Structure formats: structure tokens, C-alpha cells
Amino acid sequence: MAITDLVAQRSTCTRRYVGAILVRDKHIIATGYNGAPAGVPHCLDVGCLREQQGIPSGERHELCRGLHAEQNAIIQVALHGTTTEGATLYCTNMPCAICSKMLINSRIAEVYYREGYADSLSSALLADAGIPVRQIG
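All values derive from a computational prediction rather than experimental measurement.

A. Expanded view of the overall build of the protein. A tally of helices and strands in the protein yields six helices and five strands. Helices and strands in the protein line up, N terminus first, as α-β-β-α-α-α-β-α-β-α-β. Against the 2.2 N^0.38 benchmark of 14 Å for 137 residues, the protein shows a C-alpha radius of gyration of 14 Å, consistent with a compact globule. The dimensions of the protein, computed from C-alpha atoms along their principal axes, are 40 × 30 × 25 Å. Within the protein, buried positions represent 40% of all 137 residues. Across the protein, contacts joining residues at least 24 apart in sequence account for 54% of those joining residues at least 6 apart. For the protein, the accessible area works out to roughly 7,300 Å², and carbon and sulfur atoms hold 52% of it.

See below:
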């Protein structure tokens, strides 16, 4: 979890710093943090669209310039031509429902997180998929 904190420091989100790592066979295969896509201005530079529109945490995920840390970690694995199948996700925050669906289809084996998230659907989706989720300090 200490590594997820280091990765989270790279976040370009003005509302929340989130870090994620994917581990398979006791090796880190990818890291991710929340922020704008490559080549797109960061919220640190242009302001937070969600804050400007008064959107509460856990709602209207599509109205954001950034990708979530989990999404960026999955993308990094794909860019490096390997697989997420059987990997473990460690994340500073509980994945949202969108990330949970991506993790399920990426065949992630288990999820460890530190802090909760205002999205009860994510827990239900992961449970339905049989993916163990554990909160750790």
C-alpha cells in the first residue's frame, strides 16, 4: 500500500489523489494514478470540470477530464503487451462501479484498498463476479 501512496503523488486531479498498482506473481506489472489522458491539459492547469459544475463525488463519472488510477493501470498493462489476468489490484481507494466493471472484465483476481468510495454498486458488482475485496490500513 505504501507504493500506491507514492504513485498517488503523481495525480493531476485537484479533488483526490489516487494511486493503483497491479501485481502478478509478486511483481508489479503496472501503476496508475488519476489524471487527464496523455496530451490533454490537466485539471491542475485548467481547473476541475466537476468542481465547476458542482458534481458530487461518486456521480456522473463521464463528466471529468481525468481517468481513474485503476483505468490507467489497466491501460499501461495493455500498452506493454501483457495481461491483467490473475493480477491483484492495490489501490488507495475502493474502485468505482465503472472501474469495477473494467477490473472484472480484465480478470483481476482480487482487490485491496484503503479508503471507501461513495459508490455502493462497485461492491455489489465485484461480489457478483466472485472477486475478493479487502479493506486494509
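B. The sheet that holds strand β1 (residues 19–24), seen in detail. Ordered in space as β2-β1-β3-β4-β5, the five strands form an open sheet in which the pairing is mixed. Taken across any chain shown, the strands that pair with only one partner, and hence form the sheet edges, are β2 (27–33) and β5 (133–135). Between one strand axis and the next, the sheet turns by 20 degrees as a mean value, whatever way the strands run. Note: β1 against strand β3 (residues 88–93), four bridges, orientation antiparallel. Paired with Ala20 across the strands is Cys91, a residue of β3. Sitting on the sheet, helix α4 (residues 69–79) touches β1, β2 and β3, and the angle it makes with β2 is about 130 degrees.

C. Summary view of the pattern of salt bridges. Scanning the model with the defined rule gives four salt bridges in all. Linking Arg60 and Glu62 is a salt bridge whose minimum nitrogen-to-oxygen distance equals 2.6 Å. On the basis of relative accessible area, Arg60 is assigned to the partly exposed category, the value being 47%. One salt bridge connects Glu85 with Arg107, and the closest N-O pair in it is separated by 3.7 Å. Of this pair, Glu85 sits in the loop between α4 and β3 while Arg107 sits in the loop between α5 (97–105) and β4 (110–115), and the two are 22 residues apart along the sequence.

D. Seen up close, unusual backbone geometry. Positive phi outside glycine occurs at Lys26, with the angle close to 65 degrees. Positionally, Lys26 belongs in the loop between β1 and β2. In the Ramachandran plot, Arg107 falls in the positive-phi region, its phi being about 65 degrees despite a non-glycine side chain.

What counts and how
- Residues numbered from 1 in each chain as written.
- Predicted model: local features only at pLDDT ≥ 70, side-chain atom pairs only at ≥ 80, totals over all residues.
- Heavy atoms only, no water.
- Helix = DSSP H or I, 4+ residues; strand = E, 2+ residues; numbered from the N terminus.
- Rg over C-alpha atoms; globule rule 2.2 N^0.38 Å.
- Buried < 20%, exposed > 50% of the residue type's maximum accessible area, 1.4 Å probe, protein only.
- Contact = heavy atoms within 4.5 Å.
- Areas by Shrake-Rupley, 256 points an atom, 1.4 Å probe, with all protein chains shown as cover.
- Pairing = 2+ DSSP bridges.
- Axes fitted to C-alpha atoms, helices over the stretch in contact; angles between N-to-C directions.
- Salt bridge = Lys/Arg side-chain N within 4 Å of Asp/Glu carboxyl O.

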